[in-house]
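# Observations on the model geometry
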Amino acid sequence: MQNNIRTDLAVELNEEISRKAGRLKGIIVNQHKDKDTGIEVTSLKVTNKAGERMIGKPMGTYITIEARKINEMNEDYNNNVTEILKNYISELIGELLKNKKVKDNGKDSRQDNKIPFSGGKNISSKRPISLLVAGLGNRDITSDSLGPLVAKNLYINGHIDNDDTGLCVCSIIPGVMGDTGMETADIIKGIAKQINPSVIIAIDALAARNIERLNTTIQLSDMGINPGSGVGNHRVGINYENIGIPVLAIGVPTVIDALTIVTDLVSPLIGDCSADEIAAFFSGIDNNMKDMYVTPKAIDQDIKNISVIISSAINNLEQAGISG
């Protein structure tokens, strides 16, 4: 089923299509809302090809954390968000490692997971789980700088021989194709081939359909990410199929399609128009606004705040909480 919804959020695709087609086969949705904080978590699983066709997302798990007060600078509230995010990151990494074992016919891919560096050092085998965090996006554009900001705030220990924190963490800010002339997926694949991480965490800014979800929602996916898909700038996917390493994607919607805002505003006003008149009206708008995206005016502070929450969640991951 085709749709023209400009969003990267699986939960929004499911909401929009469910309104038209009812409950979707191949889609399992579970929701939980914390009574004290109002933080809502939606787990959406695409279980078969029918579900894939309906929402245009590959089979896998998509977790959405909606924290509407995340930018009110409330330390206790943001600590709760960080803790929730950390637990889901840990859970999905564990699942990715288990699935990787199955794909490798039972071979534990971590047994030879020593990471060579140009200085001749190797990561000790006492830290069997290693993460490569890729901060995707353009650091020179505020609404697209989430990935680089998260990577900047990480505790990096891949180069430290005597670090006993349990997790080995390396990071890369691959930039964008306009600056490097290379596909981001190719850059990450080359690095992954060299250092052989257990899991790649790809962090990127996304597009949303609902303006209330801008800078307040975090999506996690165990199926990787296609950079730029929400704004029509499709690039090579960063996923297991292309990279050869399990990929956990973390994204935050920072922009919304301007046409979406206009549509929501005028739709109640044109209910008496004919189908042809409505189609002609929106066709004219689409031609003028198809490449226009909007972001909140407080984007600078919002991005900094959310990047700290995501980096803190990764920094606080514990080896004991991840099992493959």
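The structure presented is a predicted model; accordingly, all values stated were derived computationally and were not measured.

Reading guide: rules and limits
- Residues numbered from 1 in each chain as written.
- Predicted model: local features only at pLDDT ≥ 70, side-chain atom pairs only at ≥ 80, totals over all residues.
- Heavy atoms only, no water.
- Core = buried A, V, L, I, M, F, W, Y, C linked by side-chain atoms within 4.5 Å.
- Buried < 20%, exposed > 50% of the residue type's maximum accessible area, 1.4 Å probe, protein only.
- Helix = DSSP H or I, 4+ residues; strand = E, 2+ residues; numbered from the N terminus.
- Contact = heavy atoms within 4.5 Å.
- Disulfide = S-S within 2.5 Å.
- Expected span 1.5 Å × (residues − 1).
- Arc of directions from axis to C-beta.
- Salt bridge = Lys/Arg side-chain N within 4 Å of Asp/Glu carboxyl O.
- Pairing = 2+ DSSP bridges.

## Quick look at the nonpolar core
One finds Ile89, Ile201, Leu220, Leu248, Ile310 and Ile314 to be the most contacted residues of the largest nonpolar core, which totals 38 residues. The greatest single-element share of this core, amounting to eight residues, is contributed by helix 3 (residues 75-103). In contact with Ile314, other than residues within four places in its own chain, are Ile89, Val133, Val150, Leu154, Ile201 and Ile203. By size, the runner-up hydrophobic cluster in this structure holds 23 residues, among which are Cys168, Ile188, Ile225 and Ile238.

## A word on the state of the cysteines
What we call a disulfide is simply a covalent bond connecting the sulfur atoms of a pair of cysteines. Following the criterion strictly, the structure yields zero disulfides and no others. Residue Cys168 stays outside any disulfide, its sulfur separated by 4.3 Å from that of Cys170, the closest cysteine. Exposure remark for Cys168: the relative accessible area of 0% places this residue in the buried category.

## Remarks on helix 6 (residues 184-195)
For helix 6, which comprises 12 residues, the first-to-last C-alpha distance of 17 Å matches the rise-based estimate of 16 Å (1.5 Å per residue) to within 8%. When helix 6 is considered as a whole, its buried residues turn out to be Thr184, Ala185, Ile187, Ile188, Ala192 and Ile195. Buried residues of helix 6 fall within an arc of 160° about the axis and therefore sit on the same side. Opposite the buried face of helix 6, by more than 90 degrees, sit the exposed residues Lys193 and Gln194. Contact partners of the buried residues in helix 6: strand 4 (129-135), strand 5 (167-172), helix 5 (177-180), strand 6 (199-208) and helix 7 (240-243). Two residues or fewer past helix 6, Asn196 is found with a positive phi of approximately 50°.

## Structural notes on the pattern of salt bridges
In this structure the tally under the stated criterion is nine salt bridges. A salt bridge links Glu52 to Lys49; its shortest N-O distance comes to 3.5 Å. Here the residue Glu52 and the residue Lys49 both occupy positions in helix 2 (residues 49-55), the gap between them amounting to three residues, near one helical turn. The residue Arg68 makes a salt bridge to Glu212 at a minimum N-O spacing of 3.0 Å. Of the two residues, Arg68 is situated in the loop between strand 3 (60-66) and helix 3 and Glu212 in the loop between strand 6 and strand 7 (217-221); the sequence distance between them amounts to 144 residues. The partly exposed category is assigned to Arg68, whose relative accessible area is 41%. Judged by relative accessible area, Glu212 falls into the partly exposed class, the value being 48%. Connected through salt bridges with shared partners, the residues Glu12, Glu15, Glu66, Arg68, Glu212 and Arg213 form a single ionic network.

## Quick look at the pairing of strand 4
For strand 4, the tally of buried residues reaches seven of seven residues, placing the bulk of the element in the interior. Relative to strand 5, strand 4 is paired through six bridges, and the arrangement is parallel. When the bridges of strand 5 are listed, Val133 appears paired with Ser171. Relative to strand 6, strand 4 runs parallel, the two sharing five bridges. Opposite Gly135, over in strand 6, you have Ile203 as the bridge partner.

## Quick look at unusual backbone geometry
With a phi angle near 60°, Met73 is a residue other than glycine that sits in the positive phi range. By secondary structure assignment, the location of Met73 is in the loop between strand 3 and helix 3. Positive phi is not limited to glycine here, since Asn196 has a value of about 50°. In this structure Asn196 comes out as partly exposed when scored by relative accessible area, which is 29%.

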